[in-house]
Amino acid sequence: MHRQYLTVLLFVFSPLAIVVSEDPLPSWIDGPAKKSIIDFVVDVTTEGSQQYVPPEDRIAVFDNDGTLWCEYPVPNQAAFAFDEIQRLLPANPSWKNDPMVQAAISGDVGTLLKDDHKGLIRILGLTHAGMTVEEFNTRVSKWLESAKHPRFQRPYLETVYQPMLEVLSYLRANDFETWIVSGGGREFMRVFAYETYGIPPQQVIGSHGKLKYELKAGTPVLTKTLETLFVDDREGKPVGIAQSIGKRPIAAFGNSDGDQAMLEYTTIDNPHPSFGLLVHHTDEDREYKYDENPPGSGELKTALEVASLRNWVVVDMKKDWKEVFPASE
């Protein structure tokens, strides 16, 4: 047999060839966005490459709402808080006179987000604070088991984005640490982050208040408060990353102006090769279409304007994703 032909056969049927031929991002349409992700991962994981980054420095950070799962018509934690208000209202009739409670009952997210989220913080105080971490985790778990998205009529944990789940898996298969860095509540996301995204609780950074420790009847107890509230959004995200991770990520994924500082921190003057990506919600048929003027969260204006200048990848959900959500079981 001709030596060159034999070499070709050996390559085609070798285990390496099989691995190379597999598509790590099957829910992504072949195009520049998908190629940019794969090219970046190959560059930083190929030993001998000028772009090579050692595994201990391969850190990727992801926003949650609107980046890993649907945030429309309201962020899912807000939906949980609104349902909690309705559940607790009969035992607290005086709440009916609270304008912020009225806004929550009517789903008026705009009012709740005014004055640096003053109204939403009020609702979170009524529904989140004052209970132990274990009690809160139980409430969130029960809600996630029964609540459904109002449009898609599927559990909220099934409104995660299949293409982004594939990115998470692809990065971890190439020795990346994956972290959530979100404006959502830290304890809320920790309830489901590992089961849903494969991200352990200790790799979740989010907004949080001070926890109060007590020893009650010989049992250690941590109680949630809204004291010393840290909002992990906008300029707070780089701060949260520095405090919790201790080094700069080399990849950042977001979808709004709230993620702009995180992408800047990741990609500007990074000593390592870096990557930034924005999910642009353009698919009103399979999900939603919004950017500059959303009714609630997810405003995407300034980050989109500077994306090309910063060499950030902008994912057009309608054109770049074959599927949006995982297939229903």
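This one's a predicted model, so the numbers in the text were calculated from it and none came from an experiment.

What counts and what doesn't
- Residues numbered from 1 in each chain as written.
- Predicted model: local features only at pLDDT ≥ 70, side-chain atom pairs only at ≥ 80, totals over all residues.
- Heavy atoms only, no water.
- Helix = DSSP H or I, 4+ residues; strand = E, 2+ residues; numbered from the N terminus.
- Buried < 20%, exposed > 50% of the residue type's maximum accessible area, 1.4 Å probe, protein only.
- Contact = heavy atoms within 4.5 Å.
- Areas by Shrake-Rupley, 256 points an atom, 1.4 Å probe, with all protein chains shown as cover.
- Lys, Arg positive; Asp, Glu negative; His and termini not counted.
- Charge placed at Lys NZ, Arg CZ, Asp CG, Glu CD.
- Axes fitted to C-alpha atoms, helices over the stretch in contact; angles between N-to-C directions.
- Parallel < 35°, antiparallel > 145°, perpendicular 65-115°, else oblique.
- Left-handed = near helix turned anticlockwise from the far one by under 90°.
- Nonpolar A, V, L, I, M, F, W, Y, C, P; charged D, E, K, R; others polar.
- Core = buried A, V, L, I, M, F, W, Y, C linked by side-chain atoms within 4.5 Å.
- Pairing = 2+ DSSP bridges.
- Patch = residues over 30% accessible without salt bridge, like charges linked within 9 Å, V, L, I, M, F, W, Y side chains within 5 Å.
- Salt bridge = Lys/Arg side-chain N within 4 Å of Asp/Glu carboxyl O.
- Phe/Tyr/Trp six-rings, centres within 6.5 Å; stacked < 30°, edge-to-face > 60°.

Chemist: Help me out: how do you make sense of the overall build of the protein chain in this one?
Modeler: Along its length, the protein chain carries 14 helices and nine strands. When its C-alpha atoms are laid out on the principal axes, the protein chain stretches across 85 × 50 × 40 Å. For the protein chain, the proportion of its 329 residues judged to be buried stands at 49%. A separation of at least 24 residues holds for 66% of the contacts in the protein chain among residues at least 6 apart in sequence. Accessible surface, the protein chain: about 16400 Å² in total, of which carbon and sulfur atoms supply 53%. Within the protein chain, one finds 32 positive and 47 negative side-chain charges whose respective centroids are separated by 3 Å.

Chemist: Hey, could you run me through the packing of helix 3 (residues 32–45) against helix 8 (residues 162–173) in this one?
Modeler: In a packed pair of helices, the relevant descriptors are the angle between the two axes and the axis-to-axis distance. Across the interface, helix 3 lies against helix 8 with an axial gap of 11 Å and an inter-helix angle of 15°. Between helix 3 and helix 8, the angle is such that the two are roughly parallel. The element helix 3 and its partner helix 8 pack so that their crossing is right-handed. Seen from helix 3, the contacting residues are Ile-37, Ile-38, Val-41 and Val-42; seen from helix 8, they are Val-167, Tyr-170 and Leu-171. The class makeup of the residues in the contact of helix 3 with helix 8 is seven nonpolar, no polar and no charged.

Chemist: Which parts of the structure should I look at to understand the nonpolar core?
Modeler: Soluble globular proteins: nonpolar side chains tend toward being buried together. Judged by nonpolar contacts, the single largest core of 71 residues is most densely connected at Trp-28, Tyr-197 and Phe-253. Of all the elements, helix 4 (residues 76–88) adds the most residues to this core, at seven residues. Each residue touching Tyr-197, except ones within four places of it in the same chain, is listed here: Asn-64, Leu-68, Trp-69, Val-160, Leu-165, Leu-168, Arg-172, Ile-180 and Phe-192. Counting 15 residues, the second-largest nonpolar core is a separate cluster that includes Trp-179, Ile-245, Leu-278 and Trp-312.

Chemist: Any chance you could explain the pairing of strand 2 (residues 177–185) here in plain terms?
Modeler: Among the nine residues that make up strand 2, seven are buried, leaving the element largely enclosed by the rest of the structure. As judged from the four bridges shared by strand 1 (residues 59–62) and strand 2, these two strands associate in the parallel manner. Among the inter-strand pairings, Val-61 is bridged to a residue of strand 2, identified as Trp-179. Pairing analysis gives three bridges linking strand 2 to strand 3 (residues 204–207), with the strands arranged parallel. Bridging across to strand 3, Val-181 finds its partner in Ile-205.

Chemist: Explanation requested: a nonpolar patch on the surface in the structure shown.
Modeler: Taken together, the side chains of Tyr-213, Leu-215 and Leu-222 define a hydrophobic patch exposed on the protein surface, amounting to about 320 Å² of accessible area. Mapped onto the elements of the fold, Leu-215 is located in strand 4 (residues 211–216). Here Leu-215 falls in the exposed class, since its relative accessible area comes to 55%.

Chemist: Looking at this structure, how should I read unusual backbone geometry?
Modeler: Backbone phi values are negative for most residues with the exception of glycine, while trans is the configuration of most peptide bonds. A cis amide bond links Tyr-72 with the next residue in sequence, Pro-73, at an omega value of 5°. Tracing the backbone shows Pro-73 in the loop between strand 1 and helix 4. Here Asp-175, not a glycine, exhibits a phi torsion of approximately 65°, which is positive. Tracing the backbone shows Asp-175 in the loop between helix 8 and strand 2. A relative accessible area of 48% means that Asp-175 is categorised as partly exposed. Even without glycine at this site, Arg-234 takes up a positive phi of about 50°. Considering the arrangement of structural elements, one finds Arg-234 in the loop between strand 5 (219–224) and helix 11 (236–244).

Chemist: Whenever I open this one, the packing of aromatic side chains confuses me. Can you help?
Modeler: In this description, a pair of aromatic rings is defined by centroid distance and the angle of the planes. This structure, assessed with the given rule, holds 19 aromatic pairs. When the ring of Phe-152 is compared with that of Tyr-288, the centres are 5.8 Å apart and the planes differ by 65°; the resulting orientation is edge-to-face. Taken together, the positions of Phe-152 in the loop between helix 7 (133–146) and helix 8 and Tyr-288 in the loop between strand 7 (275–282) and strand 8 (289–290) put the pair 136 residues apart, joining distant regions of the chain. Across the pair, exposure class does not vary: Phe-152 and Tyr-288 are buried alike. With centroids separated by 5.4 Å and ring planes inclined at 50°, the aromatic side chains of Tyr-161 and Trp-321 adopt a geometry described as tilted. Here Trp-321 lies in the segment after helix 14 (317–320) and Tyr-161 lies in the loop between helix 7 and helix 8, a separation of 160 residues in the sequence.

Chemist: Help me understand the pairing of strand 5 in this model?
Modeler: As a general feature of sheets, a regular strand has side chains that alternate between the two faces. Sheet analysis places strand 4 next to strand 5, joined by six bridges and oriented antiparallel. Bridging across to strand 5, Leu-215 finds its partner in Pro-220. Linking strand 4 back to strand 5 in an antiparallel pair, the connection comprises two residues, with Ala-217 at a positive phi of about 50°.

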